[in-house]
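Commentary on secondary and tertiary structure
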Amino acid sequence: MNLTQEQTAIIKSKGDIRIIAVAGAGKTTTLAEYAKARPDKRILYLAFNKTVKLEAEKKFAAMKLSHVRVETAHSLAFYYIVRGSGYTLKSEGYKVNEIVDILHLRGLKGKHTESILATHINAYLAYFCNSAPAKVQDLDYEDILTDKEAIEFATKYKKDIQYQTRLFLDKMNKGEIPITHDFYLKKFQLARPVLDYDIILFDEGQDASGAMLDVFRSQQGAKVLVGDSHQQIYGWRHAVNSLDKLNYPLYTLSTSFRFDQDIADLASYVIQWKKLYSTPLTVKIIGFGRSRKNSTRAVVARTNAGLLVKAIELLIEKKEIRTIYFEGRLENYTYANEGASVYDILNLYTGDVGRIRDKTIASMDSMEDLEEYIKTTGEAQMGMLVDMVKKYGTKIPGYIKKLKDCHLEHDDKEKADMIFSTVHRCKGMEYDEVTLTNDFITHDKVVKQAENIDRVNISKLSEEINLLYVAITRAKSHLYIPQEILTGQQKVAPALKKRRASAAETKGENYVYAGERK
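Quick caveat, the model's predicted, so the values are computed rather than measured. (Residues numbered from 1 in each chain as written. Predicted model: local features only at pLDDT ≥ 70, side-chain atom pairs only at ≥ 80, totals over all residues. Heavy atoms only, no water.)

Here we take up the side chain of T334. Position of T334 relative to the elements: it lies in the loop between β12 (324-326) and α14 (342-350). Residue classification places T334 among the buried positions, given a relative accessible area of 4%. There is a polar contact of 2.8 Å between the side chain of T334 and the backbone oxygen of E331. In this view, T334 contacts L308, A340, S341, V342, L385 and I400; residues no more than four positions away in its chain are not counted. (Helix = DSSP H or I, 4+ residues; strand = E, 2+ residues; numbered from the N terminus. Buried < 20%, exposed > 50% of the residue type's maximum accessible area, 1.4 Å probe, protein only. Polar contact = N/O pair within 3.5 Å; in protein donor to acceptor, adjacent residues only side chain to side chain. Contact = heavy atoms within 4.5 Å.)

Here we come to the domain arrangement of the chain. Segmenting the chain into domains produces domain 1 (5-80 + 186-253) and domain 2 (96-178). Distance from the C-alpha centre of domain 1 to the C-alpha centre of domain 2: 32 Å. Contacts between domain 1 and domain 2 engage 10 residues on the former and 12 residues on the latter. In this assembly, domain 1 packs against domain 2 so that about 820 Å² is buried in total across both faces, 51% of it on carbon and sulfur atoms. Contact with domain 2 buries surface across domain 1, with K186, R237 and H238 losing the most and accounting together for 60% of the total. At the boundary of domain 1 with domain 2, the tally comes to 0 salt bridges. Put simply, domain 1 and domain 2 have 7 residue pairs in polar contact (both at pLDDT 80 or more) between them. In terms of residue count, the dominant contributor to the side of domain 1 that touches domain 2 is helix α9 (residues 181-190) (4 residues). (Domains from an automatic or database assignment. Buried area = accessible area lost by both parts, 1.4 Å probe. Salt bridge = Lys/Arg side-chain N within 4 Å of Asp/Glu carboxyl O.)

Here we take up unusual backbone geometry. In this model, H238 sits at a positive phi of 65°, which is unusual for a non-glycine residue. Structurally, the position occupied by H238 is in the loop between β6 (222-227) and β7 (239-240). Although it is not a glycine, R329 sits at a positive phi angle of roughly 75°. When you line up the elements, R329 lands in the loop between β12 and α14.

In this section: helix α17 (residues 380-392). Over its 13 residues, α17 runs 19 Å from end to end, which matches the ideal 18 Å to within 8%, given 1.5 Å per residue. Taken residue by residue, α17 has Q381, M382, G383, L385, V386, M388, V389 and Y392 as its buried positions. In this structure, the buried side of α17 is in contact with α13 (304-318), α14, α15 (359-362), α16 (367-377) and α18 (396-405). One or two positions beyond α17, positive phi appears at G393, with a value near 55°. (Expected span 1.5 Å × (residues − 1).)

So, about the nonpolar core. In summary, soluble globular proteins display a tendency toward joint burial of nonpolar side chains. Within the largest apolar cluster, 96 residues are counted, with the highest numbers of intra-cluster contacts made by M212, F326, I345, L370, M382 and F420. Broken down by element, the residue count for this core peaks at 9 residues, all from helix α6 (residues 113-129). Counting residues domain by domain, this core receives three or more from each of domain 1 (5-80 + 186-253) and domain 2 (96-178). Residues within four places of L370 in sequence aside, it is in contact with I345, L348, I361, M364, M382 and V386. Among the nonpolar cores identified, the runner-up in size contains 68 residues, and A264, W273, L468 and V512 belong to it. (Core = buried A, V, L, I, M, F, W, Y, C linked by side-chain atoms within 4.5 Å.)

Before going further, it helps to examine the layout of surface pockets. Approximately 480 Å³ is the volume found for the second largest pocket. Per-element tally for the lining of the second largest pocket: the top contributor is α14, with 5 residues. Among the residues forming the lining of the second largest pocket, the class breakdown is 4 nonpolar, 7 polar and 9 charged. (1 Å grid on protein atoms, 1.4 Å probe; cavity = no way out; pocket = protein on both sides within 12 Å on 5 of 7 lines; lining within 4 Å. Points joined across faces, edges and corners; volume = space filled by probe spheres on them. Nonpolar A, V, L, I, M, F, W, Y, C, P; charged D, E, K, R; others polar.)

Most of strand β11 (residues 297-301) sits inside the fold, with 4 of its 5 residues counted as buried. In the sheet, β11 pairs with strand β14 (residues 431-436) via 4 bridges, with the strands oriented parallel. Bridge assignment links R297 to a residue of β14, and that residue is E433. As judged from the 4 bridges shared by β11 and strand β13 (residues 418-422), these two strands associate in the parallel manner. Across the sheet, V300 pairs through a bridge with S421, a residue of β13. (Pairing = 2+ DSSP bridges.)

We now examine the pairing of strand β16 (residues 511-515). Where burial is concerned, most of β16 is hidden: 5 out of the 5 residues are buried. Neither face of β16 is left uncovered, since the one carrying Y511, Y513 and G515 and the one carrying V512 and A514 both have all their residues buried.

Next up on the list: the sheet that holds β11. With respect to topology, 6 strands assemble into an open sheet ordered β12-β13-β11-β14-β15-β16, the strand pairing being mixed. Pairing within the sheet leaves two strands with one partner each, and these edge strands are β12 and β16. Each strand axis lies, on average, 20° off the axis of its neighbour in the sheet, ignoring direction. Each of β15 (475-482) and β16 touches helix α12 (residues 261-271); the most contacted strand, β15, lies at about 45° to it. (Axes fitted to C-alpha atoms, helices over the stretch in contact; angles between N-to-C directions.)

As annotated in UniProt, the feature "domain: UvrD-like helicase ATP-binding" (unreviewed entry) corresponds to residues 5-241 in the numbering used here. Helix makes up 45% of residues 5-241 and strand 12%, whereas the separation of the span's terminal C-alpha atoms amounts to 26 Å. (UniProt positions renumbered as here; feature names shortened; annotations may be inferred.)

This is the structure:
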């Protein structure tokens, strides 16, 4: 195959290196060629998730690279810690009410105090297990909070949250309760494992957990770290940008084989928004994608609720699509991060409390009570489901049933009239035509927030811009983006001069187009 100069330089490199790879730059192919050039070395390739792992295994097998072992961070940790240990696994994680029961958080003063406390304990558990420090008390939990009410509660109950977090970890460690995926990854890090490989290839380094980065950097073999700072979208899971943490020689993959220069220019343009408050490391993106058949169309949203609303508008209100497919199962989009479903919130809204399954929602006296709880815990996803319930009310069950009836199986995904996904669920994927929803950060909001910003909020604002960048770069040929996202700019990017109609456009929306000229 014909390799670019950048790819050739990486393949010929020696020792520890960092690689900044723009979206669609063929990084897996590059790493495979890197491994192919070293047949006598034992190589570990760490993929970001199971989907990427399976794709990489196929590629390496096709190239007969039997000296490469492909794992995810969690599958590797599972092999070392869980297998044969007697531990049982809590696959979906713990719900708030389960933490309340396990830690006997009863009889506390204040309305819903035990549920709010359990929510913070759950967040502290995730923070610790995904971070590098060896002790809970070495982390300042309040540093990751931004909501005023949440900070006030966490400060008031700081000692309780820390103590109960340590107690919960101890119960998992002793096997008294099932362990979470985060827990065995942390235990793997603390075991100081020695991985018997000559070379470790670490993909998606910008979204690595601090715990896994600590394991990676402590190994003796050569280390290859690849990623893109502008694709970091898992800060809410306490990911750290490893590319900034390790001072290895830097290489780049700046040519995208996915899309043309129009889309490349728009992606670069959005990244420039970060210059309003920082000095981002940027690589000029070269769009080298070629025209192809327009077979897959997708709607990509920032949030679960935003995606569901768009699907309802297109399937039920506009009635221009008949078959749909949701990346990662439709049912997953009806739940908040902490386990409460849109149906539970609807039942609270209608007063049908006897049908509420989630114990936390069941403990609420009213929607106002729930909204106050959301403010105190900072649970944004649940707040969005509340907004959806207010918008559609009792029509929701019928609407979701209609979505399910029109949903195709995974093997028929590419036959769907429209594919729906949030940015997080389509990471690493690509579609011929992409339409973005209007729930992404806008230029006006970036300008406003940049005027008065602190360290925590800089990270959050950058991640919102990254989400828009990742969404834009899922498109191979045609991209439609709501005009309101780009408002406030004195000059419109050249790629957006031509107005086009999107198949996912609904009444009152105004889209602009980037991509190939039909």
